[in-house]
Structures are given as structure tokens and as C-alpha cells.
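What follows is each chain in one-letter form.
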There are 2 protein chains.
Amino acid sequence: MCCNMQLTSSPLAGSMGAVSAPLAPAFSPLYQQIKSLILNSLRSGEWKPGEAIPSEMELALRFRVSQGTVRKAIDELAAENLLLRRQGKGTFVATHAEQQVQFRFLKLVPDSGPPGSEGPAQRDIIACRRTRASADIARALALRTGDPVLQARRVLSFAGTPTILEDIWLPAVPFKGLTAERLANYQGPMYVLFETEFNVRMVRAEEKIRAEPASEGREKLLKVERGTPLLSVERIAYTYQDEPMELRRGYYRTDTHHYHNTLG
Amino acid sequence: MCCNMQLTSSPLAGSMGAVSAPLAPAFSPLYQQIKSLILNSLRSGEWKPGEAIPSEMELALRFRVSQGTVRKAIDELAAENLLLRRQGKGTFVATHAEQQVQFRFLKLVPDSGPPGSEGPAQRDIIACRRTRASADIARALALRTGDPVLQARRVLSFAGTPTILEDIWLPAVPFKGLTAERLANYQGPMYVLFETEFNVRMVRAEEKIRAEPASEGREKLLKVERGTPLLSVERIAYTYQDEPMELRRGYYRTDTHHYHNTLG
DNA sequence: TAGTGGTCTAGACCACAGG
DNA sequence: CTGTGGTCTAGACCACTAC
């Protein structure tokens, strides 16, 4: 096939003729290269969240490969929750607006009943300001110390009970134009706002969880006794290409809820 | 193809002609049926953990389908970590003995350094007895109240520091012959013992995590002050077919370690 | 050199959604 | 009815491992 050479030469050629690094992949299947091309289109915003991407046949013609190769590329992207296949309708860019997706990132569920059974969460922004990154914030977001960042603090309440207190840091540049009112007025998942307004889609996140006593005023905001054990959850969220785009430090009450996780 | 009918008739035929239940799947792809057949062989112990299963071509001949169909079935089982593909060598039954697998089930990692960098864990069984299931234990293990169970308590220490205290309940029947000495003498991951000695392979687990103060003697075993916040981790582990086979209630110190989780 | 899994293709047909 | 994704097949060739 003609473009086999074209494709093979683009993503990996640079690292090929370098030095004697026998550990380099030195071989990239066609479908992986197609996957990268699709990923680039997603990243650039050619297809927006919620929209349908071209059909498998169209993509096959566009990339000059067989439909099966495109299929395998899309299969992997769907397995990573970046695309969503719907038989008979098409393949769509995944979005945080879908109900199911919400609970891939919010793991705190009520002790009784399924996730979300306590009704919609109440979100209260209690602070929001523009500041500069301290050393540890900068490291987490792959910035330099002193780079401008947005910082917000909010409380999530379920059935009237304050349950989650979160401090959130965002790099100022990609979120240019995000204001306190904008955040405060938006009632809905934050990641939906991010992807619709700033073309920043959170794809993956890492969390570090500890048990810590309530202190430093957090006990008041969560309405618990000082010293009450809380779940401390630090999250770094990444967009396509593993770029860190958000740091969260959350404190969860676990008297009526628990953090749910599936292993395997 | 001849056996298309054979296969289609076996797993689903019963529920087909029943009543007007339009919610039933009413259609099962061939590769899903092959997947079930392979799963049955795994479950029955036809191929033991660590062993190679027959090659794709052999399985294709055995099931009278094309190699591609077998491949797709194996693909899914490999994605679920039940099988392990090794190019040029074959496909193997996954085992808990592999280094990488250990940390799919133990999510507590040191604050600095990669998982396992503190050296091997020291495992001390401090109690082990045969007893009868209370109501909540029975519910978790899908048993009846009063059914015989094995209960063990152990402490895991890293670099000499007691870090995890766990109570473990197992249904007595599948673990017939498991004694206190057997457990105490075995130095290694418990799930390895289970799969090699009892043909019980843990495939999936659900965890509920809370923050709780140290009490009821746990503070002594973990050598922390009474009231110190601990991570409370309740785990139910499942074998093939989603049968619950183990209940664990663990308490984790999070002063030098944290629970690590990936979302996405 | 032989055997394994991995890739790629081409074509036929099925299931599902919507005009 | 058409177009979409989903399944299944058959065959060719590639990459890796072991003997």
C-alpha cells in the first residue's frame, strides 16, 4: 500500500536512525499510527465532544487503509473512553455530560443506594482567585513556580449535608477567561464546563488517598467536629497526551458515604 | 458453518422460546460463546495458572470456528487479565505470582518511590480460627448465617513498620484443608496460595474506603495513638463467574503510605 | 526452521437506527 | 430502504521465540 511508507515515516522516523538504542519500538503497527492521527484530530478539536466522527469507511478512504485497520484503532480509543460507539448511529467523541461518565471521576457514593440516588449535588463556590503557583502546585501541573494559576474552593453537599470540600488549581493560560462568576453560576459538573468552553477534556486522573483529621477550618465548612477523620484525596487530572491540567485537594466525609473502587 | 447452530443453541436456547421478554439478549456473537467455553475450561481447571493454553489454531479447530473468532474471544479475556499473551510463545493463564499483578490488588504504596520499593512485606498471622458466619459476613460471602467460615487476622509490615491490619473471612468449603500453620508458614501473597493450593483464583474485587479513628485495640497492633485516622478498606473479592470468595476488613496507616488509584 | 501471536486486507453478511 | 457499526471468514504476511 502506498501510504504505508508515508505513515511509518512520520511518527517514528526521528527516533529511528538516532543511536544504537535497541530498546526503541522500531516498529509501529499501522493501526497505532491511525490511532495517533485520530487522536490528533480529537486534540485539535476537529471533532467536538458529543459530535459524531466520520464513519469507518470514510476514515479508511481518508487514511488509505482498510476498514478493519481503522476499526482496530477506534476499538482502542473506545476502550480508553475517548470515543463512544453506537451501533447503527456512528462513533461519537466521548463527553463528561453523559450520566455514566460522571461517576468514573466521582468515586464517593452513598452508603445505601446507587450512585446519585441522593439527588443532584449542590455545588457552592466559596472562593475563587487568580494567584501564582507555589513550588508544589507548579510541580503537579508541570508549570514553573510563580506561573499564573486559578484557584477555587468549593463545597459539595448531598441532601443538604456538606460532604466534600475541594481546593482546585488550574493553569491560567488554557483556562483564559474563566472567572469566579462563571464558575459560581454554572450548576453542573465542572468537567463539562471545561470541555464545552475551553476545549479541555479530562481523560485520566491519578488520586492519592489518605486519612487525615479535620483541621484548619475544614471542620467548620464540613460541619464536623475538629479532629474527625476525613478522606484526603489529591487528584491530578490529565488531558489527551498526558498533560496535567488540574490539581484537586479534596476532603471527604465518610460517615454517610464511602469511596468505592473496583480492582481487577 | 455447521456448528454455528450447535453453539448458538447451547447457552441461550433455554431463554429464547420462553416468554415475551424482549429485554433478553436474543443474540450472542460467536466469539462470546467461544469466550464462555474458554472461561469454562479455566474455571474447571483444565489449564492451570501459569500454564499455556492451546494455540489459537488448535482452539479454532476444536471449536470449529475461524482463528479470528478465537482471537477476539482471547482478546477480551486478556483485556480482563484472565489470560496473558506472549508473542512467539503462546497464551498463558494469568497468575497472581507475577510481580505486576500484585499491585493490582494492593493499592497502598510508599509516599516516595515506586510500589514495592520498601522491600518485601513482612506478613504476620496473629490469629486464625474456624468459626460461623454472622449475618453481615454471610451476606458479603453469599452464604447463610451460621455457615462455617475461616477467619484470620494478620499484620503487614514494611521496613519494620506495621502498616496494615487485616481481618479476613473465607468460606470454609472451598478452602477445605487450610489451617493456621499453613497460612502462617506461607511467606508470599495469599492469592498465590489460594490459586495453587485450592484452585481459587481471585479475578476482581470491590473496595469500600472510609476514614476511621484507630480504636478497639487496633492502635496497639499498628503502633499508633488511639484515635489516629486510619484508612478503613473493606474488600470483597470474586472468582470467575462473580462468586464472592473472600471478605477483608483492613486498616491502613497513611503516614508513610497512601492509597493510589487511577481514574479514567 | 517451525510455531506462536500480531497485523492487514477484502468481502460477505448481520443487527440496529432512522428516514 | 440506506447507512452505520458489529461479526465472521480466509488468506497472506510480519515479528518474536525457541530449537
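Parameters and conventions
- Residues numbered from 1 in each chain as written.
- Chains lettered and ligands numbered in written order.
- Predicted model: local features only at pLDDT ≥ 70, side-chain atom pairs only at ≥ 80, totals over all residues.
- Heavy atoms only, no water.
- Helix = DSSP H or I, 4+ residues; strand = E, 2+ residues; numbered from the N terminus.
- Buried < 20%, exposed > 50% of the residue type's maximum accessible area, 1.4 Å probe, protein only.
- Contact = heavy atoms within 4.5 Å.
- Areas by Shrake-Rupley, 256 points an atom, 1.4 Å probe, with all protein chains shown as cover.
- Lys, Arg positive; Asp, Glu negative; His and termini not counted.
- Charge placed at Lys NZ, Arg CZ, Asp CG, Glu CD.
- Domains from an automatic or database assignment.
- Buried area = accessible area lost by both parts, 1.4 Å probe.
- Salt bridge = Lys/Arg side-chain N within 4 Å of Asp/Glu carboxyl O.
- Polar contact = N/O pair within 3.5 Å; in protein donor to acceptor, adjacent residues only side chain to side chain.
- Near = heavy atom within 4 Å.
- Least-squares fit on C-alpha atoms with pLDDT ≥ 70 in both.
- Pairing = 2+ DSSP bridges.
- Axes fitted to C-alpha atoms, helices over the stretch in contact; angles between N-to-C directions.
- Parallel < 35°, antiparallel > 145°, perpendicular 65-115°, else oblique.
- Left-handed = near helix turned anticlockwise from the far one by under 90°.
- Nonpolar A, V, L, I, M, F, W, Y, C, P; charged D, E, K, R; others polar.

## Some points on the overall build of chain A
Across its full length, chain A holds nine helices and eleven strands. The burial tally for chain A puts 45% of its 264 residues in the buried class. Here the contacts in chain A between residues at least 6 apart in sequence split such that 58% fall between residues at least 24 apart. For chain A, the accessible area works out to roughly 13,300 Å², and carbon and sulfur atoms hold 53% of it. For chain A, the centre of its 34 positive side-chain charges and the centre of its 29 negative side-chain charges are spaced 3 Å apart.

## What to know about the domain arrangement of chain A
Accessible area lost when the parts come together is the quantity often used to give the size of an interface. All names here are of chain A. Domain assignment breaks chain A into domain 1 (30–93) and domain 2 (105–259). On a C-alpha basis, the centroid separation for the pair domain 1 and domain 2 is 31 Å. With ten residues of domain 1 at the interface, the matching set in domain 2 holds seven residues. In total, about 730 Å² of surface goes out of reach between domain 1 and domain 2, with carbon and sulfur atoms giving 53% of it. When the buried surface of domain 1 facing domain 2 is broken down by residue, Arg-43, Pro-49 and Leu-82 rank first, second and third, together holding 62% of it. One can count one salt bridge joining domain 1 with domain 2. For the interface between domain 1 and domain 2, the tally reads two residue pairs in polar contact (both at pLDDT 80 or more).

## A word on the protein's contact with DNA strand D
In the vicinity of DNA strand D there are 21 residues, among which A:Arg85, A:Gln87, B:Leu30, B:Thr69 and B:Gln87 approach most closely. Sugar and phosphate atoms represent 86% of those atoms of DNA strand D found within 4 Å of the protein. Within the side chain of B:Ser66, a nitrogen or oxygen atom sits 2.9 Å from a phosphate oxygen of DNA strand D. Between DNA strand D and B:Thr69, the relevant distance is 2.2 Å, taken from a phosphate oxygen to a side-chain nitrogen or oxygen of the residue. Listing elements by their share of the surface near DNA strand D, those giving two or more residues are strand 2 (83–86) and strand 3 (90–93) of chain A together with helix 2 (30–44) and helix 4 (67–79) of chain B.

## Quick look at the relation of the copies chain B and chain A
Between the two chain copies there is a screw-like relation: a rotation about an axis and a shift along it. Once chain B has been moved 0.0 Å along the axis and rotated by 180 degrees, it coincides with chain A to within an RMSD of 0.0 Å. Those values place the two copies in the arrangement expected of a two-fold rotation axis. Most of the interface of chain B is mirrored in chain A, where 100% of its interface residues again form contacts.

## Concerning the environment of B:Arg144
For B:Arg144, the position within the fold is in the loop between helix 6 (135–141) and strand 5 (148–158). Overall, B:Arg144 belongs to the exposed group, its relative accessible area being 68%.

## Side note on the protein's contact with DNA strand C
Close to DNA strand C lie 21 residues, the nearest being A:Leu30, A:Ser66, A:Thr69, A:Gln87 and B:Arg85. At the protein interface, 86% of the atoms of DNA strand C within 4 Å belong to sugar or phosphate. One of the side-chain N or O atoms of A:Thr69 is found 2.2 Å from a phosphate oxygen in DNA strand C. Separating a base nitrogen of DNA strand C from a backbone N or O atom of B:Gly88 is a distance of 3.1 Å.

## Comments concerning the pairing of strand 9 (residues 229–238) of chain A
Residues and elements named next belong to chain A. Taken across its ten residues, strand 9 has nine buried, putting it largely inside the fold. Of the strand pairs in this sheet, strand 8 (residues 204–213) and strand 9 are connected by ten bridges, and their pairing is antiparallel. Among the inter-strand pairings, Arg-204 is bridged to a residue of strand 9, identified as Tyr-238. Two elements, strand 9 and strand 10 (residues 244–252), share eight bridges in a ladder whose sense is antiparallel. Residue pairing in the sheet places Ser-232 in a bridge with Tyr-251 of strand 10. Hairpin geometry of strand 9 and strand 10 is characterised by an intervening segment of five residues between the two adjacent antiparallel strands and by a positive phi of about 70 degrees at Gln-241.

## A short note on the interface of chain B and chain A
Taken together, the contacts link 30 residues of chain B with 30 residues of chain A. Carbon and sulfur atoms make up 52% of the area that chain B and chain A hide from each other, which totals about 2,600 Å². Summed over the three residues of chain B that lose the most area to chain A, namely B:Asn261, B:Leu263 and B:Gly264, the buried surface amounts to 25% of that side. If you look at where chain B meets chain A, you find two salt bridges. Close ionic contact of A:Asp111 with B:Arg210 constitutes a salt bridge, the shortest N to O distance being 2.8 Å.

## With respect to the sheet that holds strand 8 (residues 229–238) of chain B
A sheet is described by the order of its strands in space; here eight strands give the open sequence 4(A)-11(A)-7(B)-8(B)-9(B)-6(B)-5(B)-4(B), paired in antiparallel fashion. In the strand order of this sheet, the two ends are held by strand 4 (108–110) of chain A together with strand 4 (122–132) of chain B, each with one partner. The mean angle between the axes of side-by-side strands here comes to 25 degrees, regardless of whether they run parallel or antiparallel. Its contacts with the sheet place helix 8 (residues 190–197) of chain B against strand 4, strand 5, strand 6 (161–171), strand 8 and strand 9 (244–252) of chain B, and it is angled at close to 165 degrees to strand 9 of chain B.

## Observations regarding the packing of helix 3 (residues 56–63) of chain A against helix 4 (residues 67–79) of chain A
All names here are of chain A. Where helix 3 meets helix 4, the axes come as close as 8 Å, and the angle between the chain directions of the two elements is 110 degrees. Classified by the interaxial angle, the pair formed by helix 3 and helix 4 is roughly perpendicular. Crossing of helix 3 against helix 4: the hand is right-handed. Where helix 3 approaches helix 4, its residues Glu-56, Met-57, Leu-59 and Ala-60 are matched on the opposing element by Gln-67, Val-70, Arg-71 and Ile-74. When its residues are assigned to classes, the contact of helix 3 with helix 4 shows five nonpolar, one polar and two charged.

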